[in-house]
Structures are given as structure tokens and as C-alpha cells.
Amino acid sequence: MGKAKLKEAIDLTREVLGVPAEYRIGIVPASDTGAMEMAMWSLLGERPVEMLAWESFGAGWVTDVVKQLKLDARVHEAPYGEIVDMTALDYDRDVVFTWNGTTSGVRVPSGDVIPADRDGLTFCDATSAAFAQDLPWGKLDVTTFSWQKVMGGEAAHGMLILSPRAVARLESYTPPWPLPKIFRLTKGGKLIEGVFEGATINTPSMLCVEDYLFALKWGQSIGGLDALRARADANAAAIWAFCEDRDWIGNLAVDPATRSNTSVCLTFTDPRITDGAVFAKAVAKRLEAEGVALDIGAYRDAPPGLRIWCGATVETSDIEAMLPWLDWAFAIEIAALTEAA
Ligand SMILES: Cc1ncc(COP(=O)(O)O)c(C=O)c1O
């Protein structure tokens with residue numbers, strides 16, 4: 001019964017995301033972090049690595065690879081609001097990157113730059129992109145995400161999606177470091193197929209599984225991936241239009257092609273603002289106190305500003321109802337600043 005539910009979650013994930021039949025989909029421990037670390041610890045080390053980071057989560061994977069695994073890695077970093085030039089990478093190495101920078105509001109615009117005939121594997125942390133953006137499966141060998149992001153499910157388990165080439169690596173290469181049971185995907189040099197059929201490595205939360213199933217069925221009922229993506233697009237577009245009409249607020253994403261439609265990150269650009277962090281915090285606090293928006297301050301490591309979640313579970317009418325309050329809070333805070341000056 002429990003295993004059938006897990007298998008249903010795998011099958012529905014495949015259906016909604018359009019994952020090719022020959023790709024494995026597994027439910028693994030410890031959310032997106034668990035899935036990414038399990039993949040890196042199980043697959044990396046066979047060849048040099050290109051590590052890409054444009055915000056805090058990607059930076060975390062760099063730390064894993066450089067400081068913990070101590071691999072031969074070339075690190076490519078872009079400041080918050082930008083992404084790395086992905087045309088300048090060696091795809092015969094393994095490449096590890098985040099599709100959508102949740103804390104910086106940028107995303108990879110497309111997978112076109114990734115060559116189909118690469119020798120290395122691509123590792124894509126797709127949390128906050130899966131179910132809202134196009135993931136080009138043919139260009140991705142390892143893809144991970146968690147349930148609590150675009151589908152709004154309960155946080156618990158990670159999703160690990162492997163291409164046939166990733167499976168071939170697992171079955172032909174054994175990393176030189178020890179692997180705890182919780183990371184092990186092979187036994188006797190063979191893939192543990194059960195993990196990809198609902199036989200999880202350790203005990204899963206069936207409450208969380210039910211919640212994910214509910215979210216997936218809701219996604220299907222409104223029209224599947226296209227509809228989910230359209231909802232995120234409409235939410236983000238409402239905020240972008242708001243910013244275009246004002247000269248005091250703008251998108252943190254420098255290149256419009258890289259603007260995220262899920263985690264929209266904004267900065268205050270009014271030259272009268274002397275301390276951006278204090279100003280942004282005051283605006284976010286005002287909106288929270290009025291019951292208008294919760295927790296919309298920028299992520300703690302990101303440049304000061306606002307981060308407004310626009311994933312598919314958010315109604316565009318709610319975003320539109322919130323935006324005039326931003327005008328209101330900005331006006332009060334800027335008046336207080338100019339009075340004090
Ligand atoms: C891009 C990205 N990677 C990793 C994580 C960590 O995810 P989890 O808490 O599911 O492990 C997040 C969480 O927001 C994220 O946005």
C-alpha cells in the first residue's frame with residue numbers, strides 16, 4: 001500500500017514533468033539537499049568538475065565539492081542577479097549548477113548551450129524551477145528538487161531524476177570515499193532499482209507523500225505543466241509591470257532573459273535611500289504588520305531588497321492586491337527618510 005503510493009508519486013511526477021520513460025525517478029531522503037548531495041557523493045570524482053554558483057545554494061554545492069570532496073574543480077561564480085556564461089564551460093567535465101537561483105531571482109534561460117554529445121554529466125539543482133520552468137531533459141543527467149517549492153507540498157523527501165548516462169556512471173564507477181547507507185544507490189555494482197520504484201532507502205513520511213500526490217493531482221486538474229508554468233509567468237509578469245512603471249524599484253536579475261518567474265527578487269533603486277538593508281526591512285515589516293505579505297525580505301545572504309514568491313500555487317489576483325501596498329509602504333518609508341534628512 002505504502003509502496004504503491006510512492007510509486008504513484010513517481011509516476012505522476014513523470015507525467016506532469018514530461019520526464020522521458022528511460023530516465024529513473026527516485027524518492028530519496030532529506031529533501032533537495034539530500035538528493036543533490038547523494039548524487040554528488042555517488043557520481044562525482046570520476047573526472048574534473050565545473051562548479052557554477054550564482055547564489056547561496058549553488059555556493060553550498062561548491063563548498064561540498066571543493067572543501068568536503070576536495071575534487072579537481074573549476075569554480076565559476078557570478079554575483080547575485082547574474083548567471084555564469086554557460087557557453088564557456090567544458091562539458092566533457094561534470095557540470096554542477098542550480099537552474100533557478102531562489103535567493104537571487106535569476107534562472108538559466110534555456111538548456112540550448114549544453115551540448116547533446118557531452119562526455120561529462122550535468123547535475124541540475126532544479127528546486128524552485130521544477131513545475132514552473134522548462135527543464136530540457138535531454139541536457140540534464142541528474143536533476144533534483146523538493147516538494148515544498150512550486151507544488152507547495154510538505155517538505156520531506158528529495159526527488160532524484162537520473163538519465164541513462166548517469167545510471168551508467170553509477171554502475172561503472174565507484175567513488176574512492178565511503179558512502180553512508182542513506183546515500184547508496186548501487187549494490188554489487190548494480191543500480192538499486194527499488195529506489196526508483198517506491199522502495200525508499202529509509203522510512204518515508206506517508207503524510208508528506210499524500211500531500212505531494214494531492215499537489216500533483218491539482219496540477220494535473222488545472223492543465224498540467226503548461227498551466228503551472230503559465231500561473232508562475234502571470235504572477236511574475238504582474239510584478240515586472242509594476243517595476244517598469246516605477247523608478248524606485250527594479251529586478252535584481254540584470255538580463256531580462258534570466259529573470260525568474262518563481263522567486264522574483266527586487267531591489268530599491270531610489271538614490272535617496274542610504275541604507276538599502278534598513279529600508280527593505282522596514283518595507284517588508286510594514287507589509288507583514290498589515291497582514292499583506294509574509295516574509296518578503298531578501299534572503300539573508302542576498303543583496304538587500306524584497307523576494308516575492310510567484311510559484312504556481314500563488315494567485316495572480318493576490319499578487320495584484322499586494323502591489324499597491326508596496327507603493328504605500330515605500331511612500332511612508334521614503335517620507336520618513338527625507339524628513340529625517
Ligand atoms: C535552489 C535551491 N537549492 C536547494 C535548496 C534546499 O532545499 P531543501 O530545503 O529542499 O533541501 C533550496 C531551497 O530553497 C533551493 O531553492
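Residues numbered from 1 in each chain as written. Predicted model: local features only at pLDDT ≥ 70, side-chain atom pairs only at ≥ 80, totals over all residues. Heavy atoms only, no water.

A. Inspection of the pairing of strand β4 (residues 94-98) at higher detail. Most of β4 is tucked away, with five of its five residues classed as buried. Residue alternation in β4 divides its side chains into two sets, Asp 94, Val 96 and Thr 98 and Val 95 and Phe 97, and both sets are buried. Judged from the three bridges that link them, strand β2 (residues 49-53) and β4 form a sheet pairing that is parallel. The residue bridging Val 49 from the neighbouring strand is Asp 94, located in β4. Across four bridges, β4 lies against strand β7 (residues 122-125) in parallel orientation. Bridged to Val 95 within β7 is Thr 122. (Buried < 20%, exposed > 50% of the residue type's maximum accessible area, 1.4 Å probe, protein only. Helix = DSSP H or I, 4+ residues; strand = E, 2+ residues; numbered from the N terminus. Pairing = 2+ DSSP bridges.)

B. Expanded view of the nonpolar core. Core analysis: the largest hydrophobic core is formed by 49 residues, its most contacted members being Trp 54, Met 86, Phe 97, Phe 131 and Phe 145. Of all elements in the fold, only α1 (2-17), β1 (24-28), β4, β9 (158-162), α5 (206-221) and α6 (224-244) reach the threshold of two or more residues within this core. Two domains each provide a minimum of three residues to this core, namely domain 1 (2-221) and domain 2 (224-340). Leave out the neighbours within four places in its chain, and Phe 131 touches Val 16, Leu 17, Phe 145, Val 150, Met 151, Tyr 212, Leu 216, Leu 225, Leu 228 and Arg 229. With 34 residues, the next largest nonpolar core counts Ala 166, Val 167, Leu 170 and Val 195 among its residues. (Core = buried A, V, L, I, M, F, W, Y, C linked by side-chain atoms within 4.5 Å. Domains from an automatic or database assignment. Contact = heavy atoms within 4.5 Å.)

C. The arrangement of the packing of α6 against helix α8 (residues 316-340) in detail. Here α6 crosses α8 at 20 degrees, and the two axes come no closer than 9 Å. Between α6 and α8, the crossing angle belongs to the class labelled roughly parallel. As α6 runs across α8, the sense of the crossing is right-handed. Residue-level inspection shows Arg 231, Ala 234, Asn 235, Ala 238, Ile 239 and Phe 242 of α6 in contact with α8, the latter providing Thr 316, Ile 319, Glu 320, Leu 323, Leu 326 and Asp 327. Of the residues in the contact of α6 with α8, the class split is seven nonpolar, two polar and three charged. (Axes fitted to C-alpha atoms, helices over the stretch in contact; angles between N-to-C directions. Parallel < 35°, antiparallel > 145°, perpendicular 65-115°, else oblique. Left-handed = near helix turned anticlockwise from the far one by under 90°. Nonpolar A, V, L, I, M, F, W, Y, C, P; charged D, E, K, R; others polar.)

D. Summary view of the confidence of the model for the chain. For the chain, mean pLDDT is 97; residues scoring 70 or higher make up 100% of the total. Highest mean pLDDT in the chain belongs to β4 (99); lowest belongs to α8 (96). (pLDDT = per-residue confidence, 0-100.)

E. Highlighting the packing of aromatic side chains. In the structure shown here, the tally under the stated rule is twelve aromatic pairs. Seen from their ring centres, Phe 268 and Phe 330 are 6.4 Å apart, and the 10 degrees between their planes marks the pair as stacked. Remark: Phe 330 occurs in helix α8 and Phe 268 occurs in strand β13 (residues 263-268); sequence separation between them is 62 residues. Of the two residues, Phe 268 and Phe 330, both sit in the buried class. An aromatic cluster of three or more residues is present, and its members are Phe 242, Trp 248, Phe 268, Phe 279 and Phe 330. Directly above the aromatic system of Trp 240 lies the positively charged group of Arg 259, at a separation of 5.1 Å from the ring centroid. (Phe/Tyr/Trp six-rings, centres within 6.5 Å; stacked < 30°, edge-to-face > 60°. Lys NZ or Arg CZ within 6 Å of the ring centre and 35° of its normal.)

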